[in-house]
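Single-letter residue listing:
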Amino acid sequence: GSALPANACEVLLRHCASSADSNGPEMFDQLIRAGFEPSEGILTAVVSLCAEARHVRLAEHTISYVRRTGGRVTLALYSALMKVYGHARLWHKTCDLFESMKLEGVMIDTVAYGSLIKAAVESGRNDLARQLFKESGNPDLLNYMSMIRAAGREHDVPKAMRLLEELERSPLPVDATAYNCALEACAACNDRTSAEVLFKRMSENDNIDVVSYNTYLKVLLYAGAREEVARIFREMRGRDLAPNVVTYNSLVRDAIARQDTARAWSLVGTMEQAGVMPDAFTCSILMKSVKHSPCPDDVDRIIDLIQRTKVIPDEVLVNCLLDVCVRLRDTQRLTKVLQQFRARGVVPSPHAYATLIRAYGHARRVDRAWELWHELTGGEGSAGGSEEAFAAMVEACLAGGDLQGAVGIFREAGERLQSFARAPSVFSAIVKACLLSKQQQLAIELYSETKDLFVCGRVSFNTMIDALVRSGDTSKATELFRDMALKNVTPDLITYSTLIKGHCSRGDLEQGLQLLGLMQRRGIAPDAVLFNSILDGCAHKQMRTLTEQVLRDMEAAEIAPSNFTLSILAKLYGRCGDLDAAFHAVEYYPERYGFSVNAQVFTSLMSACIANGALPRAVEVFERMAPAGAPPDAKTFQTLLSGGVRASDVQLVARLLQDALSVGLASRLESEVLDAALLLVARRGQAAQAADLASELRASGAALSQRALRAALESAAGDCGTPMSRLGSEDASTHLSWPRSPPPAPTPRSHAPAPKRLAA
């Protein structure tokens, strides 16, 4: 369309500046391309309007336009830009303008020097502040005040006093404001002596006001001079200077610091009687008394004060109140406080929203959390919320059991995850929740969708790799391992151990050993668990030579073999048919490394003997267990019972059943093993003995089947000549439970000759 008139373009630019329109720079360029040529006055006005709105981007864009078009940045433009930086508290940028002004030959006036000196002081560049103060030639009162403040921040009270004396000697009129700067410097350094001298001088010269008394009270309260505080308070009233809210706030804060809550509330009452209304800072101070030990009554008292005195809560007070309500875990009070704030027109800050969302989540009120989330984001989802609110909403969903909601919030964030520092920790929490709910595939899918947006941590990688290995998907686990390398996430011992164990359990020893070598080349020492995993993999494949090589490597790494290692060796040598090597390992390693053999090792050794047809040696091992401090467990009895049943050794089986009953392990034996053992005794042994065992086993709660129990009872009934139809199971047990002689002791066996030692 046709170009806008110049005055219309000016109005548009002024609106963009004053309303902080984010499209301001683009609008500016569009108007320039359309032929608009703004004058210096218009440009200066646009930059000045950016100050209140803190529209730094448009202000800088305007200055860049002036330089780009060959124009000169005048003092007026520089002053306007300083004003913008001052409102935005970008003091370092204001300081940087000084060098630009010098290079461009701009003559700096007193006002500009004042802005530069203030910026230098605020940004901590005190050397630059002193340089500017000297260069200003004829510093005004504001410049002196800025330098006195700088001296206070440097904790240099003598310098502050010298500057004040220099100001007093100058022709400039010195009022209470300048003296208050020097007094504030004394207060900042807790220099009571200098403060007393200066305050006395101010009082004598009548250069004193309420601010002076408030500052001096701060010094006295810090020193604990409370009697002097009372005197100064009376003196203040004698000068017809009414204490203001700052005065009372200092006294209330001192009372709260001394944990004198009653005194603090008494002062609040005095304030109200004197017509001085408490402000948000007063209420925030009172909140400190309940922050660490929240009490509902105290919180309600503060809320009542806010309502009664019509305090407009600031962000600090809102956050304090909400934090305390969260600590109380009282969602009703939390909702009430929120509604009261809204009624007063107070809009919670993003931090307050995050606090509320998190609180409702942990209170299992996910519905309320979702309401706040939609209210905060305006229906834009994660695209409209802050990073803190995003993390809080995910946490709330997970705390309330809404896993799909948490995943949805994470997905909605999309490209913004690249700028979210908390993205890795939030993702880690979601991964853990997925695994707890047995939805590991959901975690892997979410990782695949977002892996290019952020780098998840090593813990998350390890968690996902472990889940994949447990499910048998080692190929996907290996892909994640490669992703770690591509994203410069260094694998640790847990990473390698998990993958190696996965490969070994699937029989892929070659891949497991390759990873072990890679791990050792990277300086990560394997631990006992990892070595045992590899040994177990070798044993399953009956790779004796490789097993013994890994065992030597284990010892070379100064990792002592354990009972778990011995169990693996016993199984390996048993499968290889070398019982002597198995016995040697069980005798040699405990003696060398100083540990006792446990029941699991003895059981594995017995199993090896049984598998090789050496039941007598298995019995011998069984008889060694109790004296060795490793009493047999249920697994031990089951192993030897199974061997006795296969060998049809009725006496051994009967004895083992009796021993299991005597040590209280019969009830923990598997039904199949018990049935087979009892049937063997019933069919090939003495009928009375079978019935007796059946009765005791059933009384112990052992898992006998009806088939085995019936066989034992029928055998006993037939032996007694009593028809089974006339003998109930309960009667049969009673009838057949006569005393019986103990089973004969096993024939002592001589120990086997010393087994040969391993080549290792």
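Conventions we followed
- Residues numbered from 1 in each chain as written.
- Predicted model: local features only at pLDDT ≥ 70, side-chain atom pairs only at ≥ 80, totals over all residues.
- Heavy atoms only, no water.
- Phe/Tyr/Trp six-rings, centres within 6.5 Å; stacked < 30°, edge-to-face > 60°.
- Helix = DSSP H or I, 4+ residues; strand = E, 2+ residues; numbered from the N terminus.
- Buried < 20%, exposed > 50% of the residue type's maximum accessible area, 1.4 Å probe, protein only.
- Salt bridge = Lys/Arg side-chain N within 4 Å of Asp/Glu carboxyl O.
- Axes fitted to C-alpha atoms, helices over the stretch in contact; angles between N-to-C directions.
- Parallel < 35°, antiparallel > 145°, perpendicular 65-115°, else oblique.
- Left-handed = near helix turned anticlockwise from the far one by under 90°.
- Contact = heavy atoms within 4.5 Å.
- Nonpolar A, V, L, I, M, F, W, Y, C, P; charged D, E, K, R; others polar.

(A) How the structure looks around the packing of aromatic side chains. Applying the stated rule across the entire model yields 16 aromatic pairs. Arranged with centres 5.2 Å apart and planes meeting at 80°, the rings of Phe199 and Tyr213 form a pair that is edge-to-face. In this pair, Phe199 sits in helix α12 (residues 192-204) while Tyr213 sits in helix α13 (residues 210-223), placing the two residues 14 residues apart along the sequence. Each member of the pair, Phe199 as well as Tyr213, carries the same accessibility label: buried. Three or more aromatic residues joined by ring pairs make a cluster, and in this case those are Phe390, Phe410, Phe420, Phe427, Tyr447, Phe454 and Phe461.

(B) Region of the structure containing the pattern of salt bridges. Per the counting criterion, the structure on display carries 33 salt bridges. The residue Glu196 makes a salt bridge to Arg192 at a minimum N-O spacing of 2.9 Å. Of this pair, Glu196 and Arg192 are both found in helix α12, four residues apart, which corresponds to roughly one turn of the helix. Across the pair Arg308 and Asp304 runs a salt bridge, and its minimum N-O distance is 2.8 Å. Of this pair, Arg308 and Asp304 both sit in helix α18 (residues 296-308), four residues apart, which is roughly one turn of that helix. When its relative accessible area of 43% is taken as the criterion, Arg308 is described as partly exposed. For Asp304, a relative accessible area of 39% puts it in the partly exposed group. Three or more residues are tied together by salt bridges with common partners; here these are Arg226, Asp254, Arg258 and Asp260.

(C) Summary view of unusual backbone geometry. Its identity is not glycine, yet Arg89 carries a phi of approximately 55°, on the positive side. Mapped onto the elements, Arg89 comes out in the loop between α5 (75-87) and α6 (91-103). Phi at Gln259 is positive, roughly 60°, even though this residue is not glycine. If you trace the backbone, Gln259 turns up in the loop between α15 (245-257) and α16 (261-273).

(D) Here's a closer look at the packing of helix α37 (residues 634-646) against helix α39 (residues 671-684). Where α37 contacts α39, the axes come no closer than 10 Å and their chain directions differ by 40°. Between α37 and α39, the crossing angle belongs to the class labelled oblique. In this structure, α37 crosses over α39, and the sense of that crossing is left-handed. Contacts between α37 and α39 pair Gln638, Leu641, Ser642, Gly644 and Val645 from the former with Val673, Ala676, Ala677 and Leu680 from the latter. Considering only residue class, the contact of α37 with α39 consists of six nonpolar, three polar and no charged.

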